[in-house]
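Close look at the chain arrangement
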Amino acid sequence: MDMPFNPRDGEAKLRYGDAGFQVLVPGRYVICAVTGMRIDIERLKYWSAERQEAYVNANAALQGMRGQRID
């Protein structure tokens, strides 16, 4: 039996601020701008308000702020 799709299980769209973020489109995760990995919203700790990007960890945040990407 197929379970119905719940939009809250998909990718969220956020507006990142200096001290937090605002949910524009509800979802369970965002995508790391550097690694492409999914980040559960509950575990999101690193982002750039200036670049409006999320990062999976501190190392990815540093690389993102340097303009580096992992392919």
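Residues numbered from 1 in each chain as written. Predicted model: local features only at pLDDT ≥ 70, side-chain atom pairs only at ≥ 80, totals over all residues. Heavy atoms only, no water.

Notes on the pattern of salt bridges
Think of it this way: side chains of opposite charge can pair up when their charged atoms draw near. What counts, and what does not: Just to be clear on terms, a salt bridge is a Lys or Arg side-chain nitrogen sitting within 4 Å of an Asp or Glu carboxyl oxygen. Put simply, DSSP H or I for four residues or longer makes a helix, DSSP E for two residues or longer makes a strand, and each gets a number counted from the N terminus. Exposure classes here rest on a 1.4 Å probe applied to the protein chains alone. A residue is buried below 20% of its type maximum, exposed above 50%, and partly exposed in between.
In this structure the tally under the stated criterion is two salt bridges. Here Asp-9 makes a salt bridge to Arg-28, at a shortest N to O gap of 3.0 Å. In this pair, Asp-9 sits in the segment before β1 (13–16) while Arg-28 sits in the loop between β2 (21–25) and β3 (29–31), placing the two residues 19 residues apart along the sequence. Of the residues examined, Asp-9 reaches a relative accessible area of 35% and is grouped as partly exposed.

Some words on helix α1 (residues 58–65)
Operational definition: Note that the arc is computed from the directions linking the helix axis to the C-beta atoms. Any two residues having at least one pair of non-hydrogen atoms within 4.5 Å are treated as being in contact. Polar contact is defined as a pair of N or O atoms within 3.5 Å, subject to the rule that within protein one atom must be able to donate a hydrogen and the other to accept it, and that residues adjacent in sequence are counted only when both atoms are side-chain atoms.
Taken together, the buried positions of α1 are Ala-60, Ala-61, Gln-63 and Gly-64. All buried residues of α1 lie within an arc of 165 degrees about the axis, which places them on one face of the element. Looking at the packing, one finds that the buried side of α1 touches β5 (46–48) and β6 (53–55). At the N-terminal end of α1, a side-chain oxygen is found 3.2 Å from the backbone nitrogen of Asn-59, two or three residues along, and the residue is Asn-57. One or two residues past the end of α1 sits Gly-67, with phi positive at roughly 80 degrees.

Notes on unusual backbone geometry
Working note: non-glycine residues mostly have negative phi, and peptide bonds are mostly trans. One non-glycine residue, Gln-52, adopts positive backbone phi at about 55 degrees. In this structure, Gln-52 sits in the loop between β5 and β6. On the basis of relative accessible area, Gln-52 is assigned to the partly exposed category, the value being 35%.

A short note on the packing of aromatic side chains
For any two aromatic rings, the description comes down to two numbers: the centre-to-centre distance and the angle of the planes. Put simply, the rule is: The aromatic pairing rule takes the rings of Phe, Tyr and Trp, using the six-membered ring of Trp, and pairs them if the centres are within 6.5 Å, calling planes under 30 degrees apart stacked, those over 60 edge-to-face and the rest tilted. Two conditions define a charge sitting above a ring: the NZ of Lys or the CZ of Arg must be within 6 Å of the ring centre, and it must be within 35 degrees of the ring normal.
If you walk through the whole model with that rule in mind, you get two aromatic pairs. Considering the side-chain rings of Phe-21 and Trp-47, the 5.4 Å spacing of their centres and the 90 degrees angle between planes classify their relative orientation as edge-to-face. A residue pair is termed long-range when its members are at least 10 positions apart, and Phe-21 in strand β2 and Trp-47 in strand β5 qualify at 26 residues. On the basis of relative accessibility, which here comes to 31%, the residue Phe-21 falls in the partly exposed class. The structure contains a cluster of three or more aromatic residues connected by ring pairs, namely Tyr-16, Phe-21 and Trp-47. Sitting above the plane of the Tyr-29 ring, Arg-38 keeps its charged end 4.2 Å from the centroid.

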